[in-house]
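One-letter residues, chain by chain:
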Amino acid sequence: GAVVSQHPSWVICKSGTSVKIECRSLDFQATTMFWYRQFPKQSLMLMATSNEGSKATYEQGVEKDKFLINHASLTLSTLTVTSAHPEDSSFYICSARDLQSLGQRMDTQYFGPGTRLTVL
Amino acid sequence: AQKITQTQPGMFVQEKEAVTLDCTYDTSDPSYGLFWYKQPSSGEMIFLIYQGSYDQQNATEGRYSLNFQKARKSANLVISASQLGDSAMYFCAPQAINTGTASKLTFGTGTRLQVTL
């Protein structure tokens, strides 16, 4: 099956520093990746849609200058949390859409295992 | 914006019994799909089952089945013969079907299922 990895799986950083999270599709090509954030006991909230070779599309209320997304290849998207603060502490999950699912019956997104960010 | 309602924040079910998790949604899209995901305490999102709005029959995948009522915009997940490993959060997520573009998922608030002995 399609596998998506995330790195790191957890990270602790000091307030004011930047943290980069990687999302990789290991055995398929993904023109589109999605970044979600999940606070404790809450649902997943879509932050942005990342398209290979173009600018990401951010959801309303998500600061694009704070959450930098780069999708430089068909298998890698990165999310950089700039000048992180304690309120950015959360579980960040990416998903990748299989290029092969374009036009298929089920537009499947494969999820990574998530990255737990703690900002001190 | 889509509104997805999972009215049961928490559910208990005894092992080997069946349980139904509710999901209603509000969409104006003529064609859409409905996903259910399971999220155990580890955090990973596990795909369970999918129903297309144009599918004539309710979807089934092993112990999972959907009670899909299109007119009511309802897609309840039925888990039969519950197992202890089914204890997790469950999310439903409708998705508009747009040929040629990636359609985002919008997740419901989730239901926490606890399977007891």
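Draft legend 1. Geometry of the interface of chain A and chain B. Listed as interface residues are 19 residues of chain A and, on the opposing side, 23 residues of chain B. Taking both partners together, chain A and chain B bury about 1700 Å²; carbon and sulfur atoms supply 56% of that area. Linking chain A with chain B are one salt bridge. K104 of chain B serves as the salt-bridge partner of E59 of chain A, at 3.0 Å between the closest nitrogen and oxygen. Along the contact surface separating chain A from chain B lie four residue pairs in polar contact (both at pLDDT 80 or more). Among the elements of the structure, β4 (32-38), β9 (90-97) and β10 (109-111) of chain A are those that each provide at least two residues to the side of chain A that touches chain B. Element by element, the count of residues in the side of chain A that touches chain B is highest for β4 of chain A, at four residues. Class assignment of the residues belonging to the side of chain A that touches chain B gives a composition of ten nonpolar, five polar and four charged.

Draft legend 2. Looking closely at the sheet that holds strand β5 (residues 32-39) of chain B. Residues and elements named next belong to chain B. In space, the five strands of this open sheet follow the order β2-β11-β10-β5-β6, with mixed pairing throughout. Two strands in the sheet have a free side with no partner beyond their single neighbour: β2 (10-14) and β6 (46-52). Neighbour-to-neighbour, the strand axes of the sheet open up by a mean angle of 25°, direction not taken into account. Two elements, strand β10 (residues 88-96) and strand β11 (residues 111-116), share three bridges in a ladder whose sense is antiparallel. Each residue of the ladder has a partner; that of Y90, found in β11, is T111.

Draft legend 3. Looking closely at the environment of S65 of chain B. All names here are of chain B. Tracing the backbone through its elements, the reader meets S65 in strand β8 (residues 64-69). Once the C-alpha coordinates of S65 and F47 are considered, the two residues, 18 residues apart in sequence, prove to be 13 Å apart. Apart from the residues within four sequence positions on either side, S65 is in contact with I49, A59, T60, N76, L77 and V78.

Rules and cut-offs
- Residues numbered from 1 in each chain as written.
- Chains lettered and ligands numbered in written order.
- Predicted model: local features only at pLDDT ≥ 70, side-chain atom pairs only at ≥ 80, totals over all residues.
- Heavy atoms only, no water.
- Contact = heavy atoms within 4.5 Å.
- Buried area = accessible area lost by both parts, 1.4 Å probe.
- Salt bridge = Lys/Arg side-chain N within 4 Å of Asp/Glu carboxyl O.
- Polar contact = N/O pair within 3.5 Å; in protein donor to acceptor, adjacent residues only side chain to side chain.
- Helix = DSSP H or I, 4+ residues; strand = E, 2+ residues; numbered from the N terminus.
- Nonpolar A, V, L, I, M, F, W, Y, C, P; charged D, E, K, R; others polar.
- Pairing = 2+ DSSP bridges.
- Axes fitted to C-alpha atoms, helices over the stretch in contact; angles between N-to-C directions.

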